[in-house]
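Below are the chains, spelled out letter by letter.
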Amino acid sequence: MEAGGKPGQHAGLGVAQVHVGHTDLGESQRPRPLPYPDEPLACRGRLPNQRPIAFRLILLHPPILETLQLRWPDEAACEAFARQLAVRPGFADAFIELHGTLGAGKTTFVRHLLRALGVTGRIKSPTYAVLEPHELPGGGQAAHFDFYRFADPREWLDAGFRDVFAAPGLKLAEWPDKVAGLLPTPDLSITLDVLDDEQRGVLVRAFTPLGQALLQ
Ligand SMILES: Nc1ncnc2c1ncn2[C@@H]1O[C@H](COP(=O)(O)OP(=O)(O)OP(=O)(O)O)[C@@H](O)[C@H]1O
Ligand SMILES: [Mg+2]
């Protein structure tokens, strides 16, 4: 779809060439993680008259409720999108996954989100610490994860990550695929695609009603 095709449906989030897709309510290509490592699939029961494998397939594919495609021509567009998203109702308790190759702009986007929420001072990348927590000036917490170096799933409980995801607050996770199976379903999944030094293709998918509302 060309720019300006149907921007009205997401007018508040249109930054550059906005491609809006209510596409086909297709299914996720990513496996749906179990909420916690100690929650076996068998505990989730079985649908009547269905074989276990059918139930498993349902669990592995949460529906995509909304899809939004953007192109950021430069970092200013990244910042503008962050500013618009950060003021959405419910954002303070959202869980957002950030996908993309090394240097795609995941941390940069998080920094713009946190700045938009009033965080001042240096915003460190959690590349080594895995988690950088932030107090939000307006109240509440933001947890910024980078799971690139997270190697041992047994550390999940010890590190308190389960508790972070069970508590209110904003959660932002880079490299979520490194801990697939441990994370809950995200409200939004954002995938950054490097087009050149400055341009990024952006695919935003909502997996929950909150995520869907954030894109309205
Ligand atoms: N349109 C853009 N959006 C975001 N960042 C951009 C854009 N154009 C250029 N950049 C630059 O790209 C770099 C992205 O680096 P960043 O650390 O955010 O990547 P990352 O995805 O977090 O990488 P990693 O996987 O290593 O954590 C920054 O230097 C940023 O200034
Ligand atoms: Mg990063």
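Data block above holds the structure.
Residues numbered from 1 in each chain as written. Chains lettered and ligands numbered in written order. Predicted model: local features only at pLDDT ≥ 70, side-chain atom pairs only at ≥ 80, totals over all residues. Heavy atoms only, no water.

Just to check I follow, could you spell out the overall build of the protein chain for this structure?
A tally of regular secondary structure across the protein chain gives six helices and eight strands. Scanning the protein chain from its N terminus toward the C terminus, one meets helices and strands in the order β-α-β-α-β-α-β-β-α-α-β-β-β-α. For the protein chain, with 216 residues in total, the buried portion stands at 40%. In the protein chain, the proportion of contacts linking residues at least 24 apart, taken out of those at least 6 apart, comes to 65%. Working note: accessible area of the protein chain is about 11000 Å², and carbon and sulfur atoms make up 53% of it. (Helix = DSSP H or I, 4+ residues; strand = E, 2+ residues; numbered from the N terminus. Buried < 20%, exposed > 50% of the residue type's maximum accessible area, 1.4 Å probe, protein only. Contact = heavy atoms within 4.5 Å. Areas by Shrake-Rupley, 256 points an atom, 1.4 Å probe, with all protein chains shown as cover.)

Quick question: what am I supposed to make of unusual backbone geometry here?
A negative phi holds for most residues other than glycine; trans holds for most peptide bonds. For V130, which is not glycine, the phi torsion reads 70° and is therefore positive. Unusually for a residue other than glycine, W175 sits at a positive phi of about 55°. Turning to its location among the elements, W175 is positioned in the loop between β6 (170–174) and β7 (188–194).

Is there a simple way to explain helix α2 (residues 75–86) in this structure?
Because an α-helix completes one turn every 3.6 residues, residues spaced three or four positions apart along the sequence face the same direction. An ideal rise of 1.5 Å per residue puts 16 Å on 12 residues; α2 measures up with 16 Å between its terminal C-alpha atoms. The complete set of buried residues in α2 reads A77, C78, F81, A82, L85 and A86. For α2, the arc enclosing every buried residue in end-on projection is 165°, short of the 170-degree limit, so these residues lie on one face. Packed against the buried residues of α2 are β2 (66–72), β3 (95–99), α3 (106–116), β7, β8 (200–206) and α6 (209–214). The N-cap residue of α2 is D74: its side-chain oxygen and the backbone nitrogen of A76 are 3.2 Å apart. (Expected span 1.5 Å × (residues − 1). Arc of directions from axis to C-beta. Polar contact = N/O pair within 3.5 Å; in protein donor to acceptor, adjacent residues only side chain to side chain.)

Explain the coordination of the magnesium ion (ligand 2) here, please?
The magnesium ion (ligand 2) binds to the protein through T107 (OG1) and E174 (OE), with metal-donor distances spanning 2.0 to 2.2 Å. Here T107 is found in helix α3, whereas its partner E174 is found in strand β6, with 67 residues between them in sequence. T107 gets classed as buried once you look at its relative accessible area, which sits at 14%. Residue classification places E174 among the buried residues on the basis of a relative accessible area of 3%. (Donors = N, O, S within 2.8 Å, 3.2 Å for Na, K, Ca; no water.)

It is not clear to me how the site of ligand 1 should be interpreted in this structure. Could you clarify?
Close to ligand 1 lie 18 residues; E75, K106, T107, T108 and E198 are nearest. For ligand 1, an oxygen atom lies 2.9 Å from a polar atom in the side chain of W175. Take E198: an N or O atom from its main chain is 2.7 Å from a nitrogen atom of ligand 1. For ligand 1, the accessible surface in isolation is 640 Å², of which the surrounding protein chains cover 75%. Where the shell around ligand 1 is concerned, the elements lending two or more residues are α2 and α3. Of all the elements, α3 adds the most residues to the shell around ligand 1, at three residues. (Near = heavy atom within 4 Å.)

Is there a simple way to explain the nonpolar core in this structure?
One recurring pattern in soluble globular proteins is that nonpolar side chains are buried together. Of all hydrophobic cores here, the largest spans 32 residues; its most connected members are W72, F81, L85, I96, F109 and I190. Within the residue set of this core, elements represented by two or more residues are β2, α2, β3, α3, β6, β7 and β8. Formed by 14 residues, the second largest nonpolar core is a distinct cluster that contains L131, A143, F145 and V179. (Core = buried A, V, L, I, M, F, W, Y, C linked by side-chain atoms within 4.5 Å.)

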